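# Examination of the molecular architecture
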Amino acid sequence: MVQEAFFQPLEKAEDIRQMKRAMSSINGRRESRVVSTHRDQMLSRIEHSLEGIEEERGSKPVDETASASEWIPDDIPWGEAKKEIEALSDRFYEVKHPEDMRRILEDLVREHAVALAVRWEHPLLERLGIDRILGDMGVEIRVPSREEDWKALSAKAQLGITTAEALVMESGTLVLRTEAGLGRSTSLLPPVHLAFIQPSRRLKDLAALPRLIRSWANEPQGLPSAVTLITGHSCTADIELTLVSGVHGPGLVYVIGLSPGYDVDNEAVPTAEHQV
Amino acid sequence: MELRVEEIKQKAAEAARNEVLHQTLSTAGDRFVALREAGFSQLNDPEGLRIRGRKVKERSLADLPRLLRLLEKKVTDAGGVVHWAKDAAEARSIILDLADRYGVKTVVKGKSMMTEEIGLNRAFSRKGIEVWETDLGEFIVQLADEIPSHIIAPAIHKNKEEVARLFCEKLGVPYTVNPEELTMVARRTLREKFLGADMGITGGNMLVAETGTLVLFENEGNIRMSTSLPRVHVALIGIEKVVESWDDFGVLLTLLSRSAAGQKMPTYLSLITGPRKPGERDGPEAFHLVLLDNGRSRILGDEVFRESLFCLRCGACLNVCPVYKRIGGHSYGWVYSGPIGILLNSELLPPGSARDLPYASTLCGACVEVCPVMIDHPKLILEFRRRLVEDPVWKGRRVLSRIVPIKIYAWISVRPVLFRFAGSMARTFQALLAPSGEWKWLPKAVARWGAERRVPWFKRPFSSRWKKLKTSGK
């Protein structure tokens, strides 16, 4: 019967099903669903197809424990993440002192001729005094809440600055949450992406991701509209398998890992003009 | 480009003679295979993971109605809209209506086999809506008016000289064979389109029912662009892609990224839950999820072929297939190619239109070895062949093309008068029908039968030539 139906024209198979449904209601048997809309028709067709399947059904028990236990201790070195990120031809720096930070950013600005940068409105970036450091180098910094056409502006910028909600050590993956002030285009449109990550926001491996995502889903506001996991920079090998960087998004990613206590010990005092 | 699965033999024969294509596909195949092997060798228990992956798909499909209802609720709670399309025509009409409703003039598309499956680009073009493929490989294929020839490397059949000529002709840029420069041409062209597009259309690698989240894998960033910049995002995805939980996602994530290109993670993994929220400055204002059946529920009801719905579209089975490496993706005549293409094309296309496909396999089993969810392609292909010979239409054709002619011949051959008459008729009309042994004219119904057969030259019987031969002394 199954074999015959497989080679029948679709309409005919559907006619037979409809006839069966009609027959069963004539016989006074209760239909599982009242067929009224496309949705219900589709679902009832699927249910019909699954009749007689013995496989295991129903929810699997879900591990609801908080993700806090997944975070690795601050004193674990950054080595593994650095190795992974550099293997993807991106840059990783661990920053212990404000002088290191200034030097790295100076090199970045010079190498990529950064004149305009866009950044997230994130408390960490404000604590780090990024605006003042880059401003001193003559870089213009813009934030979304003060702009009319944020997407067009981001497309003009040479640098996009974000933080990351988490970093997976095993793969060098940055996990970014989208929220008001923490937009998607900042890490996407400029040719260089710079991300800051605190040592307390590190996960050992990818196996920790499901629990992290579920812990966000369990928050009252639910999951953000977009969670973006970034491992390396935009690339393609669609022409003769030649790897080319920056096909659509950034061609280079800088990740700056902060040493334990860096942002507290070296908190910048925002000046009036830099306050957001 | 018209998709014509009936022409598989002709296309395959042409492709098999193309040595450049063969070389390109072999090199690419070997590269992908090495990447996959390196990726899997880092895992502690790759076989255990494949078994878990298979279990996830088995469990999800067995529970599909509940998961789809849960998904619908969660997507709706997050502010998205769910549409249900039973076939390609319905899906096209839903998406065209949306384009109409939002006043869409330009569409950017992320790579999606589903939109190829429903022929969406042609539908947009007919409506006068500008549509741009944005994955570099798909962009090349669109400019060349072709279809993708590999699931994850759509333009694998084109060399850089061909791409250079194409860009030169269609985009009016100077000729260059440097892949980096060619890629930058595409970046500049498409960046403009992304910023001006009204609607972004993507497929989806997974749907996580517990939160109503669409999961998208990519390396280029074009999918992020398509889901971040236009004001409307439409995702078209097959009903079989839904899984229940983030734990299921975790299992398939590892399998898919390592099987496709040996990566621990794709460059970008986007988890989309509804449209943008208040205060966000980018991301779509509206999110529409179109769930497509298009024959999948029929496959689900078949206890043997159900397994082909486990496919994650990683492309690993193509890279190891000796037949694919010889004939290329276009020979499979429709959207999907390689071992999984034989199954999906045969199952999803109208019955009878892909009868030759199950024979485009050596049944060597290399595909089973690499499939992340252990689909047994050879077993399914053999089952296809078995059902084909038992299929009444196929049987009817066999009776007409073989048994009936033999019976007629047998009947005539024992009646000498009739036999001589038939012989003289054959000699008379042979020059007209098959002058050089090849059929010149045949009714359409038997043309395929005749294409593979040469006609012997009918001579007068020896007995009637004997007298003449004797007198001429030969």
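Refer to the structure above for everything that follows.
Within each chain, residue numbers correspond to sequence positions counted from 1 in written order. Think of it this way: whatever chain is written first is A, whatever ligand is written first is 1, and the rest follow in order. Since the coordinates come from a predicted model, pLDDT governs what is reported: local features require at least 70, and pairs of side-chain atoms require 80 or more to be given and counted, while whole-chain, interface and lining totals use all residues. Working from all heavy atoms in the structure, the side-chain values ignore hydrogens and water.

On to the pairing of strand E2 (residues 116-119) of chain A. Residues and elements named next belong to chain A. The buried label applies to any residue whose accessible area, calculated with a 1.4 Å probe on protein chains only, is under 20% of its type's maximum; exposed applies above 50%, and partly exposed to all values in between. Each helix is a run of DSSP H or I of at least 4 residues and each strand a run of E of at least 2, with the numbering of both proceeding from the N terminus. Where burial is concerned, the two faces of E2 agree: the one with Leu116 and Val118 and the one with Ala117 and Arg119 are both buried. Here a strand pair is declared whenever DSSP counts at least two bridges between the two strands. Bridge analysis of E2 against strand E3 (residues 140-142) gives three bridges, and the strand direction is parallel. Counterpart to Val118 in the pairing with E3 is Arg142. Across three bridges, the pairing between E2 and strand E4 (residues 159-163) is parallel. When the bridges of E4 are listed, Ala117 appears paired with Leu159.

So, on to the side chain of Thr176 of chain B. Residues and elements named next belong to chain B. Locating Thr176 in the fold gives a position in the loop between helix H9 (160-171) and helix H10 (179-196). Here a polar contact means two N or O atoms within 3.5 Å. Within protein one must be a hydrogen donor candidate and the other an acceptor candidate, and residues neighboring in sequence count only if both atoms are side-chain atoms. In terms of polar contacts, Thr176 uses its side chain to reach the side chain of Glu181, at 2.9 Å. Ignoring sequence-local partners within four residues, the contact set of Thr176 consists of Ala164, Glu181 and Leu182. Contact between two residues is taken to exist if any of their heavy atoms lie within 4.5 Å; hydrogens are not considered.

In this section: the pattern of salt bridges. All names here are of chain B. Salt-bridge detection follows one rule: a side-chain nitrogen of Lys or Arg within 4 Å of a carboxyl oxygen of Asp or Glu. Considering all chains together, one arrives at 46 salt bridges over all chains under this definition. A salt bridge links Arg296 to Glu117; its shortest N-O distance comes to 2.9 Å. In this pair, Arg296 is assigned in helix H13 (residues 296-300) and Glu117 in helix H6 (residues 113-117), connecting sequence segments 179 residues apart. The class of Arg296 is buried, set by a relative accessible area of 2%. Glu117 sits in the buried class, given a relative accessible area of 6%. Note that Arg231 is salt-bridged to Asp198, the shortest N-O span being 3.4 Å. Residue Arg231 is found in the loop between helix H11 (222-228) and strand E7 (232-238), and its partner Asp198 is found in the loop between H10 and strand E4 (199-202); the two are separated by 33 residues along the sequence. Where salt bridges share partners, they join Arg54, Lys55, Glu58, Glu307 and Lys379 into one cluster.

Strand pairing in a sheet relies on backbone hydrogen bonds. The paired strands run either parallel or antiparallel. Residue and element names in this part refer to chain A. With parallel pairing, the six strands of this open sheet are ordered in space as E1-E12-E7-E4-E2-E3. Looking at the sheet topology across the chains shown, the edges are occupied by strand E1 (91-95) and E3. Ignoring which end each strand starts from, the neighbouring axes of this sheet average 20° apart. For helices, the fitted line uses only the C-alpha atoms of the stretch in contact; every axis is such a line through C-alpha atoms, and the angle between N-to-C directions lies from 0 to 180 degrees. Contacting E1, E4, strand E7 (192-197) and strand E12 (252-258), helix H5 (residues 98-111) crosses the sheet at an angle of about 175° to E12.

Right, let's get into unusual backbone geometry. Trans is the common state for peptide bonds, and a negative phi is the common state for residues other than glycine. All names here are of chain B. Non-glycine residue Asp145 carries a positive phi angle of around 55°. The residue Asp145 is located in the loop between helix H8 (136-143) and H9 in this model. Look at Asn294: it is not a glycine, yet its phi comes out positive at around 45°. Tracing the backbone through its elements, the reader meets Asn294 in the loop between strand E10 (286-292) and H13.

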